[in-house]
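Each chain is listed here by its residues.
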Amino acid sequence: MPIKIPQELPAWDALQKENIFVMDERRAVSQDIRPLRLCVLNLMPTKITTETQIIRLLSNTPLQIELTLLKTSSHKAHNTSEKHMETFYRTFSEVREDRFDGMIITGAPVENLDFEEVDYWDELCEIMTWSKSSVFSTFHICWAAQAGLYHHYKVPKYPLPEKMSGVFRHVNLMPSHPLMRGFDGEFYAPHSRHTEVRAEDIEATGKLEILSSSPEAGVYIVASKKRRLFYVMGHSEYDTGTLGEEYRRDLVRGMDPHVPSHYYPNDDPTCEPVNRWRAHAHLLFSNWLNYFVYQNTPYDLSRLKSVDDE
């Protein structure tokens, strides 16, 4: 897929080596089509890694995509250079008057805080409210999924007795739903979180559908019945080694983490993990882009209607 990103973005070289088709501004403007306008609000501390992971999954489509990276102005990134943030990221105030076909909001390592204790919570709420009238479809990941469910529907999150870390088996509960089209009856996805949302709270809203869940990890994919807001509790975008990197980081910090479940062969961290979620991760993102962004968004984004009853 021709995804348009700056050549200077670190993801460019990484994706070129993987034979993923990315293009710069000069090549993009030569194609006489309207690209899909997507924005990614990147809340992860590992900005560059997350950029690459997300762009890789967005590449699995023939559609041209124009990508805008967003940051919060109320929180300064500590693990990514200021130059990188200033060069490649925009703030909400800079895009407030824009319209987008789709938006992705990533997870963030703030699960053990109450939502209102997060230093950028007010700004995030403003962005999520804005997205209902200025973005056709929004895709929330992990903590952002919990935050979105809480903000839009008052669905609470609950602390887990220990971190949910590993690669878990999931069940496709609604094979006829376009987001789940092509999914196997059972499939795998990574989780890495300290909190959970519960099915009974989601069902009580009357406005949401649970598309997939795991016997061990619980609720996985949730969709609004209007099919414009999506919530994914895991990290399908993770690279093969990401859970291992988090495990070793927590070991160094003295947190005594358990070995990520079903991740290493025989649960032996000296072995190389096997990626069992890559195909379904690509399918999840391509289904979202195709059925809920490309096929439904108005050609003229100024005609975008608000999701009044979400």
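Computed from a prediction, not measured in an experiment: that's the story for all the values here.

A few points about the pairing of strand E8 (residues 158-172)
And step 1. Two elements, E8 and strand E9 (residues 186-196), share ten bridges in a ladder whose sense is antiparallel. Among the inter-strand pairings, Gly166 is bridged to a residue of E9, identified as His191.

Some thoughts on the confidence of the model for the protein chain
And step 1. For the protein chain, per-residue confidence averages 89 on the pLDDT scale, and residues scoring 70 or more make up 89% of the total.
And step 2. In this model residues 27-32 is a low-confidence stretch, pLDDT under 50, and it forms seven contacts with partners more than four residues away in sequence or in other chains.

Section: empty space enclosed by the protein
And step 1. Counted under the stated rule, the structure contains two cavities of 30 Å³ or more.
And step 2. Its volume calculated, the largest cavity comes out at about 40 Å³.
And step 3. Around the largest cavity, the lining residues are Phe183, Phe187, Tyr188, Ala189, Pro190, Tyr220, Ser236, Trp277, His280, Ala281 and Leu284.
And step 4. Counting residues per element, the ones that place at least two in the lining of the largest cavity are E9 and helix H10 (278-294).
And step 5. By residue number, the principal contributor to the lining of the largest cavity is E9, which donates four residues.

Structural notes on unusual backbone geometry
Outside of glycine, negative phi angles account for most residues, and trans bonds account for most peptide bonds.
And step 1. Here Lys154, not a glycine, exhibits a phi torsion of approximately 65°, which is positive.
And step 2. Relative to the elements of secondary structure, Lys154 occurs in the loop between helix H7 (143-153) and E8.
And step 3. The backbone phi angle of Asn266 is positive, close to 60°, even though this residue is not glycine.
And step 4. Tracing the backbone shows Asn266 in the loop between helix H9 (242-252) and H10.

Thresholds applied
In every chain, residue numbers begin from 1 and rise along the written sequence. In keeping with the predicted nature of the model, local features appear solely for residues at pLDDT of at least 70, side-chain atom pairs appear and are counted solely at 80 or more, and the whole-chain, interface and lining totals rest on all residues. Note that the side-chain values use all heavy atoms of the structure and ignore hydrogens as well as water. For two strands to be treated as a pair, DSSP must find at least two bridges joining them. Note on conventions: DSSP H or I runs of at least 4 residues are helices, E runs of at least 2 residues are strands, and numbering of each starts at the N terminus. The quantity known as pLDDT measures the predictor's confidence residue by residue, on a range of 0 to 100. Contact definition: two residues touch when any of their heavy atoms are within 4.5 Å. Computed over the protein atoms alone on a 1 Å grid, cavities are sets of points where a 1.4 Å probe fits but cannot get out and pockets are open sets with protein on both sides within 12 Å along at least five of seven lines; a residue lines them when it has an atom within 4 Å of a point. Grid points are joined across faces, edges and corners, and a volume is the space filled by probe spheres set on the points.

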